[in-house]
Amino acid sequence: KEELDNILDLTLGRLLKHDEEHQTDLVHILDTYLSEDCNILRTSELLFAHRNTIKYKIAKIQEILLCDLKDVNTCFNIRLAYKIKRFLEID
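Described below are features of the structure shown in this document. (Residues numbered from 1 in each chain as written. Predicted model: local features only at pLDDT ≥ 70, side-chain atom pairs only at ≥ 80, totals over all residues. Heavy atoms only, no water.)

1. Concerning the packing of helix α1 (residues 2–22) against helix α5 (residues 72–90)
Close contact between α1 and α5 brings their axes to 9 Å; oriented N to C, the two are set at 110°. The orientation of α1 relative to α5 falls into the category roughly perpendicular. Residues L4, D5, I7, L8, T11, L12 and L16 of α1 form the contact with α5, whose own contacting residues are N77, I78, A81, Y82, I84, K85, F87 and L88. When its residues are assigned to classes, the contact of α1 with α5 shows 11 nonpolar, 2 polar and 2 charged. (Axes fitted to C-alpha atoms, helices over the stretch in contact; angles between N-to-C directions. Helix = DSSP H or I, 4+ residues; strand = E, 2+ residues; numbered from the N terminus. Parallel < 35°, antiparallel > 145°, perpendicular 65-115°, else oblique. Contact = heavy atoms within 4.5 Å. Nonpolar A, V, L, I, M, F, W, Y, C, P; charged D, E, K, R; others polar.)

Here you go:
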């Protein structure tokens, strides 16, 4: 469990903290974006938000996480972190 917590913290910790401190929903937006294979239009439709709003928020997420969401390995690691997060919430 400690190792999983460390992976989650290293991957999504900054974003989770940002959401908590600023009452935002960037963790949910990123999860939806990745679930939709990084498609801005489909993400915006699912979240009932303008595509430019989603583009802005994805850019903000990248800034907070210090990552490039166009990188396949980065997306894989973040998806893994979401699976770990769900697993830890169940446990």
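There's more to say after this.
2. As for helix α4 (residues 51–65)
A rise of 1.5 Å per residue sets the reference length of α4, with its 15 residues, at 21 Å; its end C-alpha atoms lie 21 Å apart and thus fit the reference within 8%. Turning to α4, its buried residues number three or more, namely I54, I58, I61, I64 and L65. Projected down its long axis, α4 shows its buried positions confined to an angular sector of 120°, all on one face. Exposed side of α4, more than 90 degrees from the buried face: Y56 and E63 are the residues found there. (Expected span 1.5 Å × (residues − 1). Buried < 20%, exposed > 50% of the residue type's maximum accessible area, 1.4 Å probe, protein only. Arc of directions from axis to C-beta.)

3. Some points on the state of the cysteines
Scanning the entire structure with this criterion turns up 0 disulfides. Between C38, a free cysteine, and C75, which holds the nearest cysteine sulfur, the sulfur-to-sulfur gap is 4.0 Å. No disulfide involves C67; its sulfur sits 7.6 Å from the nearest other cysteine sulfur, which is in C75. (Disulfide = S-S within 2.5 Å.)

4. As for the environment of L88
When you line up the elements, L88 lands in helix α5. For L88 and T53, which are 35 residues apart along the polypeptide, the C-alpha to C-alpha distance reads 31 Å. Non-local contacts of L88, meaning those with residues more than four positions away in its chain, are made with K1, L4, D5 and L8.

5. Some thoughts on the pattern of salt bridges
Throughout the structure, instances matching the rule amount to 8 salt bridges. With a shortest N-O distance of 2.4 Å, R86 and D31 are connected by a salt bridge. One end of the pair, R86, is in helix α5; the other, D31, is in helix α2 (residues 26–35), with 55 residues separating them in the sequence. The exposure class of D31 is buried, given its relative accessible area of 18%. Of the charged contacts in the structure, one is a salt bridge between D37 and R79, with a shortest N-O distance of 3.5 Å. With D37 in the loop between α2 and α3 (40–47) and R79 in helix α5, this pair connects stretches of sequence that are 42 residues apart. (Salt bridge = Lys/Arg side-chain N within 4 Å of Asp/Glu carboxyl O.)

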